[in-house]
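As a plain string of letters, each chain reads:
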Amino acid sequence: MTRADTRSPGPRGRRALIVAAVVALVLVVLLGLLWAMQRSVVYVPLGGEPPPAAEVVEGAEDVRLRTGDGLELGGWFVPARDADRETAVLVANGNAGNRESRAPLARALAANGFSVLLFDYRGYGGNPGSPSEEGLATDVRAAASLLAERGFGAGDTIYFGESLGAAVIAELAVERPPAALFLRSPFSSLADMGAHHYPFLPVRLLLWDRYPVTTQVAKVDSPTTVVVGAADRVVPPEQSRGVAGASANLFEEVVLPGAGHNDPETIHGPEVVRAFVRLADHVG
């Protein structure tokens, strides 16, 4: 019988063990930071409260939304100009900026006869609170309730969601089916987005917020338009196309050649507005 080798590792072996331990420690620290700070990566609010509505959009009105968990959020109500379609648009913002950056979109929609509600989520635009999937769902419900108080029930409203807002508004559409659903640059799920941008990290295991957009749109019977930026480097175009493919009632998939995620053409360009009008004409 041979005896086990009980010799200590040599200098090279000790160095290898030290390097392995340091690498493991760094990975643990990085994963811990990602887990703790992930919402600061997902949600990028622009600090400070926007100016009064009327200073930015002619005829617009400042409004306050009251959420089910007791927060008061700022918003702008932009009345329709010219031909009044008796239809409202509820805009759910993406993950950055605030309602002031959506003013050109509101102007374009109002000029086409739609009343428009812009609002900021908790933690955005000078609002109290911190954003989360549950929190944003609560906020958009408050926005829908404010429109209902003004005579625009869900059946008289078209939901417009951009990027992260597409996820927020898709969930609302399951709970309160709208006249139609308009999704600009939607991702398939937040987990898919994280895995795309951070393929070297176990994102799916670490995420607190999920936003399962394709699962939600499959439950929405309202006519749906999906806008895809063909050159989008934030949300992969194939994810937006996947959302269109999962829709239970797809009216139109609109592809913008050469358009990136944050290009004006994608955010409030004429083709986006025309696509929105086509959807509204279809339902109304």
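That block above? That's the structure.
From a predicted model like this one, the values you see are computed outputs, not experimental measurements. (Residues numbered from 1 in each chain as written. Predicted model: local features only at pLDDT ≥ 70, side-chain atom pairs only at ≥ 80, totals over all residues. Heavy atoms only, no water.)

> Is there a simple way to explain the layout of surface pockets in this structure?
The gaps of empty space that remain are located by a probe, the size of a water molecule, rolled over the atoms. For the largest pocket, the calculated volume is near 610 Å³. Contributing to the lining of the largest pocket are 27 residues, with Val41, Val42, Asn95, Met193 and Val234 lying nearest its centre. Approximately 170 Å³ is the volume found for the second largest pocket. Arg85, Glu86, Thr87, Phe114, Gly155, Asp156, Ile158, Ala179, Ala280, Asp281, Val283 and Gly284 together form the lining of the second largest pocket. The greatest single-element share of the lining of the second largest pocket, amounting to three residues, is contributed by helix 11 (residues 270-283). In terms of residue class, the lining of the second largest pocket is built from five nonpolar, three polar and four charged. (1 Å grid on protein atoms, 1.4 Å probe; cavity = no way out; pocket = protein on both sides within 12 Å on 5 of 7 lines; lining within 4 Å. Points joined across faces, edges and corners; volume = space filled by probe spheres on them. Helix = DSSP H or I, 4+ residues; strand = E, 2+ residues; numbered from the N terminus. Nonpolar A, V, L, I, M, F, W, Y, C, P; charged D, E, K, R; others polar.)

> Whenever I open this one, the side chain of Thr138 confuses me. Can you help?
Examined against the element boundaries, Thr138 turns out to sit in helix 4 (residues 133-149). Using a relative accessible area of 15% as the deciding quantity, one classes Thr138 as buried. (Buried < 20%, exposed > 50% of the residue type's maximum accessible area, 1.4 Å probe, protein only.)

> Would you mind showing me how to read the side chain of Ser222 here?
Note that Ser222 resides in the loop between helix 8 (213-217) and strand 9 (224-229). Judged by relative accessible area, which is 5%, Ser222 ranks as buried. Within the local environment of Ser222, its side chain forms a polar contact with the backbone oxygen of Pro178, the two atoms lying 2.7 Å apart. Contacts of Ser222, omitting those with residues within four sequence positions, involve Pro177, Pro178, Ala179, Ala180 and Asn249. (Polar contact = N/O pair within 3.5 Å; in protein donor to acceptor, adjacent residues only side chain to side chain. Contact = heavy atoms within 4.5 Å.)

> Is there a simple way to think about the environment of Glu171 in this case?
Relative to the elements of secondary structure, Glu171 occurs in helix 5 (residues 164-175). Counting along the chain gives 46 residues from Glu171 to Val217, while the straight-line C-alpha distance between them is 8.1 Å. Among all residues touching Glu171, those that are not within four sequence positions of it are Ala137, Arg141 and Gln216.

> Sorry if this is basic, but what is going on with the packing of helix 4 against helix 5 here?
Helix-helix packing: each pair is described by the crossing angle between the helix axes and the interaxial distance. At a closest axis distance of 10 Å, the pairing of helix 4 and helix 5 adopts a crossing angle of 65°. Here helix 4 and helix 5 pass one another in a crossing that is right-handed. Contact with helix 4, carried on its side by Leu136, Ala137, Val140, Arg141 and Ala144, involves Leu164, Val168, Ile169, Glu171, Leu172 and Glu175 of helix 5 and no other residues of that element. By residue class, the composition of the contact of helix 4 with helix 5 is eight nonpolar, no polar and three charged. (Axes fitted to C-alpha atoms, helices over the stretch in contact; angles between N-to-C directions. Left-handed = near helix turned anticlockwise from the far one by under 90°.)

> What should I look at first to understand the pairing of strand 7 (residues 157-162) in this one?
Two faces make up the sheet, and in a regular strand the side chains alternate between them. With six of six residues buried, strand 7 is to be regarded as a mostly interior element. Burial of strand 7 is two-sided: the residues Thr157, Tyr159 and Gly161 facing one way and the residues Ile158, Phe160 and Glu162 facing the other way are all buried. As judged from the five bridges shared by strand 4 (residues 88-92) and strand 7, these two strands associate in the parallel manner. Residue pairing across strands places Ala88 opposite Thr157, the latter belonging to strand 7. Note: strand 7 against strand 8 (residues 180-184), five bridges, orientation parallel. (Pairing = 2+ DSSP bridges.)

> Hey, could you run me through the pairing of strand 9 in this one?
With six of its six residues buried, strand 9 lies for the most part within the structure. The alternating pattern of strand 9 places Thr224, Val226 and Val228 on one face and Thr225, Val227 and Gly229 on the opposite face, and all of these are buried. Across six bridges, the pairing between strand 9 and strand 10 (residues 250-256) is parallel. The residue of strand 10 that forms the bridge with Val227 is Val254. Once the chain exits strand 9 it traverses helix 9 (residues 237-246) before rejoining the sheet at strand 10, and the crossover so formed is right-handed. (Right-handed = clockwise from strand over helix to strand, strands pointing away.)

> How should I be thinking about the sheet that holds strand 2 (residues 61-66) in this particular structure?
Hydrogen bonding along the main chain pairs the strands of a sheet, whether they run parallel or antiparallel. Pairing is mixed in the open sheet, where eight strands are placed in the order 2-3-6-4-7-8-9-10. Of all strands in the sheet, those with a lone pairing partner are strand 2 and strand 10, marking the two edges. Strand-to-strand twist of the sheet, defined as the mean angle between neighbouring strand axes without regard to direction, takes the value 20°. Relative to strand 6 (residues 115-119), strand 3 (residues 72-78) is paired through four bridges, and the arrangement is antiparallel.

> Can you help me understand the nonpolar core in this one?
Core analysis: the largest hydrophobic core is formed by 48 residues, its most contacted members being Leu65, Leu90, Ile169, Leu183, Phe187 and Tyr211. Element by element, the count of residues in this core is highest for helix 5, at eight residues. One finds Leu256, Val273, Ala275 and Val277 within the second-largest nonpolar core, a separate group that totals 31 residues. (Core = buried A, V, L, I, M, F, W, Y, C linked by side-chain atoms within 4.5 Å.)

> Looking at this structure, how should I read the packing of aromatic side chains?
Considering all chains together, one arrives at six aromatic pairs under this definition. Aromatic side chains Phe160 and Phe276 sit 5.9 Å apart centroid to centroid with 35° between the ring planes, which places their arrangement in the tilted category. With Phe160 in strand 7 and Phe276 in helix 11, this pair connects stretches of sequence that are 116 residues apart. Take Phe160 and Phe276: they sit in the same class, and that class is buried. Relative to Phe276, the ring of Phe182 has its centre 5.3 Å away and its plane inclined at 65°; by these criteria the two rings are edge-to-face. Note that Phe182 is positioned in strand 8 and Phe276 in helix 11, a separation of 94 residues in sequence. The burial state of Phe182 is the same as that of Phe276; both residues are buried. Ring-pair connections join several aromatic residues into one group, and the members of that group are Phe114, Phe160, Phe182 and Phe276. The ring of Phe77 has Arg150 sitting right over it, with the charged end atom 4.7 Å from the ring centre. (Phe/Tyr/Trp six-rings, centres within 6.5 Å; stacked < 30°, edge-to-face > 60°. Lys NZ or Arg CZ within 6 Å of the ring centre and 35° of its normal.)

Coordinates in, geometry out; function isn't part of it.
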